[in-house]
Amino acid sequence: MVLEKSENLEMQGIAASPGIAIGRAMLADRARVEVSETNISPDDVAGEVKRFLDAIENVKEDLHLIKSLIEAEKGGEHLYVLDTHLLILEDSMLTTETVARIESGHINAEGSLKRTLVKFREFFDGIEDEYFRERVGDVEIVGERILRRMVGISQEPLQYVDGKVIVVAHDLSPADVLQIDKGKVIGFVTDLGGKTSHTSILARALGIPAVVGLDGATFSIKTGDHLVIDGSTGSAVVNPDNTVFREHLARKQYYDYCDRELAKLKDLPAETLDGHLITLKGNLEFVEEVDSLHEQGGQGVGLYRTEMLFLNRAELPDENEQFEAYRLMLNKVAPFPVSIRTLDVGGDKFVSGLNLEDELNPALGLRAIRLSLRNPETFRPQLRAILRASAYGEARIFFPMISGVGEIRAVKRILQEIRSELDAEGVTYDKNLKIGIMIEIPSAVLTADLLAQEVDFFSVGTNDLIQYSLAIDRTNEHLSHLYEPLHPAILRSLKMVVDAAHAAGIEACICGEMAGDPVYLPILLGLGFDELSMSPPSILRVKQILRRCSLSEAEKLVLNTLEFSTAKEVESFLKSEIAAHFSDSFD
Ligand code: PEP
Ligand code: MG
């Protein structure tokens, strides 16, 4: 959205990849191609269908070529996104809908494809979950490539730029980002896009500052303009005056300094002043994020969300495809362990291959482990794949939304059957594979002592635990003031879970958002959590605070905290404690 006029023009978009970039703008030709829809005669139908199908084949060849060029130059690391795009080209819906429109609607190939893309967009716009909604970006990028192929407009890769620039484009594809030469492109800005698009995910994985969804960027910014972008706040300033320029330069220098200071902690132990060690791990969705985990000194993956393998495609991934994905993840994270969480979809998280029905209360509906238990044809291949992969690294398996002992026993029975199957087939797997559960439902908290007898570890999902304990829809903005991690009910629940785990001699881990917020660290430490798992960029910041805490002080703090009646009281107490002990650590 444009806030001011041209000089010193401030614009606000979506923070896609953190970091400040200061440099000259370079507009890249990534505008959507204009195509017109025309009616065709029945005689032209076959020709139009052929033109469309040929364009798909050509785009496949283009993508294979781009893949091999990137692989030769930079290695095969982030190429999975291009595989996703190749899969979209195989998507029968894209092809059959478009061909049907050419054949029965007598509309030209470009017009028919455009209409199919609009249908995709309408469908995805109705999805509540941000990540799932943004998958449409990949379909549109692929659609754009097909359209360009049909009208004969090529797309120059971004590597042919002069000097150091911030690329400004209507939209960028993941292939564009993969081809970026970091020595030349120091950041990018796009009109379109969202935080969880593959373009943004890759920008984060590669450490390129980026602002996306900056409506009107290509309209307001010209090649050669001075540009400052802040990928942490989503802001951009075009042709900043001296004061604004100096302000941003100082912030950039300060951030760079903080990053350098934090980086020094990477190989130091995650240890308190009084010598208590805690394991700090990362929550990951893609193998591309493993580099960032290692850069942050993460000691493994505490939550590998496997949902992402199931999205964006008409058919579900089969056992072998999953096995390869899990094995790759284990391989890249080694020598550290990976806790693989089984499919956590349903409700508003839509997977096309699962034919889920609409529900009145999706958050309380057929989701997560309930869905897996109901669909053995999906669950069993996933379990087989995880068990098979466990022979190639240190895997753990855990299950989302367990509500009580009956459910975990049902899961363990199936797991045992699968083990027997694999034994009979002579397939190797880790016989000591650790089994855990997510604690995110109040009934699991209240029966934590019983559940602890059944498994090797607990992992508390505070995002859902808060939602279900306080009856707050975590996506409803009108209730956000009631979403209180420091609510006495939550603190008591956390304590019950840790105490039950330790009484049974199993590990208490936490992988909800609370784990990655340094403000909560003294409480989680004092409660006795053994492992905190968070988004990788938070690890060093949490480690920094941890190394300034002592366990004994944190335990006292928790005892005091548990005396308060409201979240507000806890919060103001915590703030005063933080001000007294860590005033320099929380800026
Ligand atoms: C949680 O609920 O805290 C959690 C980590 O799971 P997700 O955010 O994937 O639901
Ligand atoms: Mg959850």
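Quick note: structure is the one above.
Let us look at the structure shown here.

Here we take up the site of ligand 1. Neighbouring residues of ligand 1: 13 residues in total, closest Arg305, Arg341, Glu440, Gly461 and Asn463. Between ligand 1 and Arg341 there is a distance of 2.9 Å, counted from an oxygen atom to a side-chain nitrogen or oxygen. Within the backbone of Asp464, an N or O atom sits 3.0 Å from an oxygen atom of ligand 1. Across the complex, the protein chains shield 98% of the 290 Å² of accessible surface that ligand 1 would expose by itself. Looking at the shell around ligand 1, the elements that each hand over two or more residues are β10 (301–305) and α18 (462–470).

Let us look at the nonpolar core. Ranked by internal contacts, the top residues of the largest apolar core, which has 151 residues, are Ile146, Phe188, Phe399, Phe458, Leu494, Phe529 and Leu532. No other element matches helix α1 (residues 45–74), which puts 9 residues into this core. Residues within four places of Ile146 in sequence aside, it is in contact with Phe52, Ala55, Ile56, Val59, Leu89, Leu94 and Leu113. Formed by 15 residues, the second largest nonpolar core is a distinct cluster that contains Val189, Val211, Leu214 and Val238.

The next subject is the coordination of the magnesium ion (ligand 2). Under perfect tetrahedral coordination by four donors, a metal shows angles of 109.5 degrees; under perfect octahedral coordination by six donors, it shows angles of 90 or 180 degrees. Note on the magnesium ion (ligand 2): its protein donors are Glu440 (OE) and Asp464 (OD). The metal-donor distances range over 2.1 to 2.3 Å. Taken as a pair, Glu440 in the loop between β13 (434–439) and α16 (442–446) and Asp464 in helix α18 lie far apart in primary sequence, 24 residues in all. In this structure Asp464 comes out as buried when scored by relative accessible area, which is 5%.

Taken in spatial order, the 8 strands line up as β9-β10-β11-β12-β13-β14-β15-β16 and close into a barrel, and their pairing is parallel. This sheet shows a mean twist of 25 degrees between the axes of neighbouring strands, independent of strand direction. Where helix α21 (residues 539–546) meets the sheet, it contacts β9 (279–284) and β16 (531–534), and its direction lies at approximately 160 degrees from that of β9.

Among all residues except glycine, the phi angle is most often negative; among peptide bonds, the trans geometry is most common. Geometrically, the link from Ala334 to Pro335 is a cis peptide bond, its omega value of 10 degrees lying close to zero. Within the fold, Pro335 resides in the loop between α12 (319–333) and β11 (338–341). Non-glycine residue Asn239 carries a positive phi angle of around 45 degrees. As for its position among the elements, Asn239 is in the loop between β8 (235–238) and α10 (242–263).

Rules and cut-offs
- Residues numbered from 1 in each chain as written.
- Chains lettered and ligands numbered in written order.
- Predicted model: local features only at pLDDT ≥ 70, side-chain atom pairs only at ≥ 80, totals over all residues.
- Heavy atoms only, no water.
- Near = heavy atom within 4 Å.
- Polar contact = N/O pair within 3.5 Å; in protein donor to acceptor, adjacent residues only side chain to side chain.
- Areas by Shrake-Rupley, 256 points an atom, 1.4 Å probe, with all protein chains shown as cover.
- Helix = DSSP H or I, 4+ residues; strand = E, 2+ residues; numbered from the N terminus.
- Core = buried A, V, L, I, M, F, W, Y, C linked by side-chain atoms within 4.5 Å.
- Buried < 20%, exposed > 50% of the residue type's maximum accessible area, 1.4 Å probe, protein only.
- Contact = heavy atoms within 4.5 Å.
- Donors = N, O, S within 2.8 Å, 3.2 Å for Na, K, Ca; no water.
- Pairing = 2+ DSSP bridges.
- Axes fitted to C-alpha atoms, helices over the stretch in contact; angles between N-to-C directions.

So yeah, pure geometry; function would need other evidence.
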